[in-house]
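# Coordinates in review
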Amino acid sequence: MSINTQKNNVLLVTISLFIATFMSAVEGTIVSTAMPTIVGDLHGVSIMNWVFSVYLLTNAISTPIYGKLSDQFGRKKIFIFGIGIFLIGSIFSGMSNSMTTLIIWRAIQGVGAGVIMPLSYTIVADIYSDENRGKILGLNGAIWGIASILAPLIGGFLVDSLSWHWVFFLNLPLGIIALIIFIMSFHEKHVVVKQSIDYLGMVYLSLLLLSLMYIIQLISDVSDNWQPISYCIFFSILLLILFVRKEHCAENPIIPMKLLKNRTFVIQNIIAFLISGFLMGLEVYLPVWTQGIFGYPATLSGLAITPTSILWIFGAFVSGWLLSRMKAFYATMFGLFFILVAAIWVVLLPFTVSFAWFFAIAAICGIGFGITITNGTVISQNSVEKSDVGVATSFNTLCRIFGQTLIVAVLGIVMNRQLTIGILHTDGAKMDMINKIVNVKTAHLVPAKLVEPLRNVIYDSLHKVFWVCLFIVIFAVIVNLYDRILAKK
C-alpha cells in the first residue's frame, strides 16, 4: 500500500481524524451522565453495567482485527467501514426500547469504535514524518482528554433539554462530517494482494479477549464465589495456547508472532499497558478525593485533572524532539521520570492538602503521559516493518485499553476492600453513607458526627490505591531499565 501524499490534504485528513477521536471519546463517558435517566425509562438496573462493559469488550476485541485488515485492504476502506458500523450502532442505541436491546446495539457500537484510535494513529504514521508524528498524536490525545471532560456537561445538557436518546444521536452529525472530510481528502493507492484471511485466529483472539475481560468483570464484583473465575481462567489459557499455535502456522496471521520477538516492541507495549492503567487510576480517584474529602461539586473536581489534557500536548511535542535526538530508552525514561515524581507526590499527600497541589500533580502527569504514551506509539511503529504498522499500532492500542480496564478493576478491588474495613471499624457507619458523602448533593444526609470519620476512611482507602499506582509506575521504570540491560548484552 502507498499513500498519495501529493493528492492528500494532510490538514483536512487530520481534522477528520480529530473529529472521529472526539466523537469516540465523548461516547466513552457521556452515557454515564444519562444512565440514571435511561434506567428510569428502560428499567433493568441489575444489568445496566453491561451497557458500559459490552462497549469496552467489543471495542477491545475489534481493535487488533481492524489493524490487520487495514494492512491488507487499505486504511480508507476499513476506516469508513468502522465509522459506518459505529454510526449504525449509535442510531439503534438511541432508538432502543429496552435495556437488553440497548446492550446489543452498544455491542455493535463498540465494534465500530474499535477502528477509530488504532487507524487514526496508523494514518498519522502514514502521512507525517517521525518528528511531527509525536506532535499530532499529542494533539489527538489532548482532544481525547478534553472530550472526556466535556462529555458529562454535554450529556447533562442533552438529557435535561431533549432526552437521553440524543446522547447517541449526537454521533450522527459528527460521524457524517468526519466521513465526508476523510473521503474527500484522504487518498491511497492500495493493491489488494490475495491472501488467506486468518478467520480462525480472529475467533480465538476474540474469545480470548472476551474471556479475559469477563474475568476482570467478575473480579471487579468482588464476589466470594471463585468457581466461575477459575473456569474462565482455564478457558483463557486454553484459548491462548490455541491462538499462539494458530498464529505460528497461519499464512497471514492476525498478530504476527515475529512482533513478540521484537524486544523493543514488547517493552514499549508493556509500558503502555502499565502507564495507561495508572492514567485511569489518576483520573478516576483524584475526583473521588476532591468530592469525598473536600466536599467539592463534580464540576470543580473534574477541573483537578484538566491540566493533564493541556500539558499532554506539550509532552507530545517534547516527545518528537526527544526521539529525534536520543535513543528510545532515554526518551521513555524521561517521560517516566515525570510520572514517577507525580506518583510519589500523590502518595505523600496529607489529609488536609491545598486543592492547588492537584493541579500541579495533574500538570506533571500530563507532561509525563504526553511523552511516554506518544513515545510508545511512535517507537512501536518504527520498530516493525512498514507492512506491519497497522497491526503494530492496533496492538499498542489494545494494550492501552486492556491496561486501563485491568488496572482500574484491580484498583477498584483495593478501594472497595479498604472502604469495607474502614466501615467495620467506624461505629454507626454504613457503606451507603460513603455513596452519599462523595456526592455534594447528598452529603448533608450523613450524620454530622460521622462526616469526619468517613472522610478519614475515604482518605485511607485512596492512600492504599495510590500506593498501588506508585508500584505500577515503578514496575514500568524497571521494565524500561530491563530493555537497556538486555541491549548491552
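As recorded in an unreviewed UniProt entry, the protein chain goes by the name MFS transporter, listed as coming from Apilactobacillus nanyangensis. Per UniProt, the comment on the protein chain under Subcellular location (unreviewed entry) is "Cell membrane".

## Comments concerning the overall build of the protein chain
Secondary structure assignment for the protein chain yields 18 helices and two strands. A total of 489 residues make up the protein chain; the buried ones form 54% of that total. Taking all contacts inside the protein chain whose residues are at least 6 apart in sequence as the whole, residues at least 24 apart take part in 83%. As displayed, the protein chain has an accessible area near 21000 Å², and 69% of this comes from carbon and sulfur atoms.

## Concerning the packing of helix α13 (residues 306-323) against helix α14 (residues 328-348)
Put simply, α13 and α14 touch, their axes get as near as 9 Å, and they point 155 degrees apart. Comparing the axis directions of α13 and α14 gives the class roughly antiparallel. Crossing of α13 over α14 shows right-handed handedness. Residues V318, L322 and L323 of α13 pack against A328, A331 and F334 of α14. Residues that form the contact of α13 with α14 fall into these classes: six nonpolar, no polar and no charged.

## Some details on the nonpolar core
Counting residues in each nonpolar core, the largest one holds 118 residues, and the members touching the most others are I83, F278, W289, F358, F369, L454 and F466. Among the elements that line this core, the one with the most residues is helix α18 (residues 448-488), at 16 residues.

## Let's talk about the state of the cysteines
For the coordinates displayed, the defined rule picks out zero disulfides. Free cysteine C469: the closest other cysteine sulfur is in C365, separated by 9.6 Å. Using a relative accessible area of 1% as the deciding quantity, one classes C469 as buried.

## With respect to the packing of aromatic side chains
By the definition in use, this model includes 12 aromatic pairs. Here F278 and F369 contribute two aromatic rings whose centre-to-centre distance is 6.0 Å and whose plane-to-plane angle is 55 degrees, an arrangement assigned as tilted. Residue F278 is found in helix α11 (residues 263-292), and its partner F369 is found in helix α15 (residues 356-382); the two are separated by 91 residues along the sequence. On the basis of relative accessible area, F369 is assigned to the buried category, the value being 0%. Clustering of aromatic rings is evident, with ring pairs tying together F79, F182 and F186.

## Some details on the side chain of T122
Structurally, T122 can be placed in helix α5 (residues 116-127). Not counting residues up to four positions away in its chain, the partners in contact with T122 are R75, Q381, V389, G390 and T393.

## Considerations on a nonpolar patch on the surface
On the surface, L200, V203, L207, L210, F234, F235 and L238 cluster together into a nonpolar patch covering about 610 Å² of accessible area. When contributions to the nonpolar patch are tallied by element, the ones reaching two or more residues are α9 (199-220) and α10 (227-249). Residue contributions to the nonpolar patch peak at four residues, all from α9.

## A closer look at the environment of I401
Mapped onto the elements of the fold, I401 is located in helix α16 (residues 389-424). According to the relative accessible area criterion, I401 is buried, its value standing at 10%. For the pair I401 and A272, spaced 129 residues apart in the sequence, the C-alpha separation amounts to 9.4 Å. Leaving out residues up to four positions away in the same chain, I401 has contacts with L56, N59, A60 and T63.

Here is what the cut-offs are and how they apply
- Residues numbered from 1 in each chain as written.
- Predicted model: local features only at pLDDT ≥ 70, side-chain atom pairs only at ≥ 80, totals over all residues.
- Heavy atoms only, no water.
- UniProt positions renumbered as here; feature names shortened; annotations may be inferred.
- Helix = DSSP H or I, 4+ residues; strand = E, 2+ residues; numbered from the N terminus.
- Buried < 20%, exposed > 50% of the residue type's maximum accessible area, 1.4 Å probe, protein only.
- Contact = heavy atoms within 4.5 Å.
- Areas by Shrake-Rupley, 256 points an atom, 1.4 Å probe, with all protein chains shown as cover.
- Axes fitted to C-alpha atoms, helices over the stretch in contact; angles between N-to-C directions.
- Parallel < 35°, antiparallel > 145°, perpendicular 65-115°, else oblique.
- Left-handed = near helix turned anticlockwise from the far one by under 90°.
- Nonpolar A, V, L, I, M, F, W, Y, C, P; charged D, E, K, R; others polar.
- Core = buried A, V, L, I, M, F, W, Y, C linked by side-chain atoms within 4.5 Å.
- Disulfide = S-S within 2.5 Å.
- Phe/Tyr/Trp six-rings, centres within 6.5 Å; stacked < 30°, edge-to-face > 60°.
- Patch = residues over 30% accessible without salt bridge, like charges linked within 9 Å, V, L, I, M, F, W, Y side chains within 5 Å.
- Salt bridge = Lys/Arg side-chain N within 4 Å of Asp/Glu carboxyl O.

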